[in-house]
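The residues making up each chain are set out below.
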Amino acid sequence: CKLPYTGYEALQLPFAEPTGYGLGKSGWVSFNPAREETPSLGQLKAWVEESYRAQAPRKLVRELDERQG
């Protein structure tokens, strides 16, 4: 996930690491949790939404905001 806002906090988790190939420098975080370390569904959704918003065209982000609004 690209996590420009919560990436630092996510990287504090034992199963998180900067994404390889230099992408970690741009805010990408890779997760590989053991079954017992799996984050909550709410946390996973938050990371996916943050990543989507960081990469999606502005028009699509506006549409998402309108649907959630």
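Before reading further, recall that the structure is shown in the block above.
A few points on the structure. Just so it is clear, the model here is predicted, and its values are computed rather than measured.

**Overview of the environment of Phe15**
Next up, step 1: You can see Phe15 is positioned in the loop between α1 (7-10) and β1 (16-18).
Next up, step 2: Residue Phe15 is classed as buried on the basis of its relative accessible area, which comes to 9%.
Next up, step 3: Spatially, the C-alpha atom of Phe15 lies 9.1 Å from that of Thr38, the residues being 23 residues apart in sequence.
Next up, step 4: The contact partners of Phe15, leaving out residues within four places of it in the chain, are Ser30, Phe31, Asn32, Pro33, Glu37 and Pro39.

**Brief notes about the nonpolar core**
Next up, step 1: Counting five residues, the largest nonpolar core consists of Leu3, Ala10, Ala16, Val29 and Trp47.
Next up, step 2: If we skip the residues at most four places from it in the chain, Trp47 touches Cys1, Leu3, Thr6, Ala10, Leu13, Phe31 and Pro39.

**Overview of unusual backbone geometry**
Next up, step 1: Look at Tyr21: it is not a glycine, yet its phi comes out positive at around 60 degrees.
Next up, step 2: With respect to the element layout, Tyr21 can be found in the loop between β1 and β2 (29-31).
Next up, step 3: Residue Tyr21 is classed as exposed on the basis of its relative accessible area of 87%.

**Things to note about the packing of aromatic side chains**
Aromatic ring pairs are described here by two measures, namely the spacing of the ring centres and the angle between the planes.
Next up, step 1: One pass over the structure, following the stated rule, counts two aromatic pairs.
Next up, step 2: Centre to centre, the rings of Phe15 and Phe31 are 6.2 Å apart; their planes meet at 55 degrees, and the pair counts as tilted. In this pair, Phe15 is assigned in the loop between α1 and β1 and Phe31 in strand β2, connecting sequence segments 16 residues apart.
Next up, step 3: Arranged with centres 4.3 Å apart and planes meeting at 15 degrees, the rings of Phe31 and Trp47 form a pair that is stacked. Here Trp47 lies in helix α2 (residues 41-55) and Phe31 lies in strand β2, a separation of 16 residues in the sequence.

**Observations regarding the pattern of salt bridges**
Next up, step 1: Counted according to the given criterion, the structure contains two salt bridges.
Next up, step 2: For Glu49, the salt bridge identified is with Arg53, shortest N-O distance 2.8 Å. Within this pair, Glu49 and its partner Arg53 are both found in helix α2, separated by four residues, close to a single helical turn.
Next up, step 3: Residue classification places Glu49 among the partly exposed residues on the basis of a relative accessible area of 30%.

About the criteria used
Residues numbered from 1 in each chain as written. Predicted model: local features only at pLDDT ≥ 70, side-chain atom pairs only at ≥ 80, totals over all residues. Heavy atoms only, no water. Helix = DSSP H or I, 4+ residues; strand = E, 2+ residues; numbered from the N terminus. Buried < 20%, exposed > 50% of the residue type's maximum accessible area, 1.4 Å probe, protein only. Contact = heavy atoms within 4.5 Å. Core = buried A, V, L, I, M, F, W, Y, C linked by side-chain atoms within 4.5 Å. Phe/Tyr/Trp six-rings, centres within 6.5 Å; stacked < 30°, edge-to-face > 60°. Salt bridge = Lys/Arg side-chain N within 4 Å of Asp/Glu carboxyl O.

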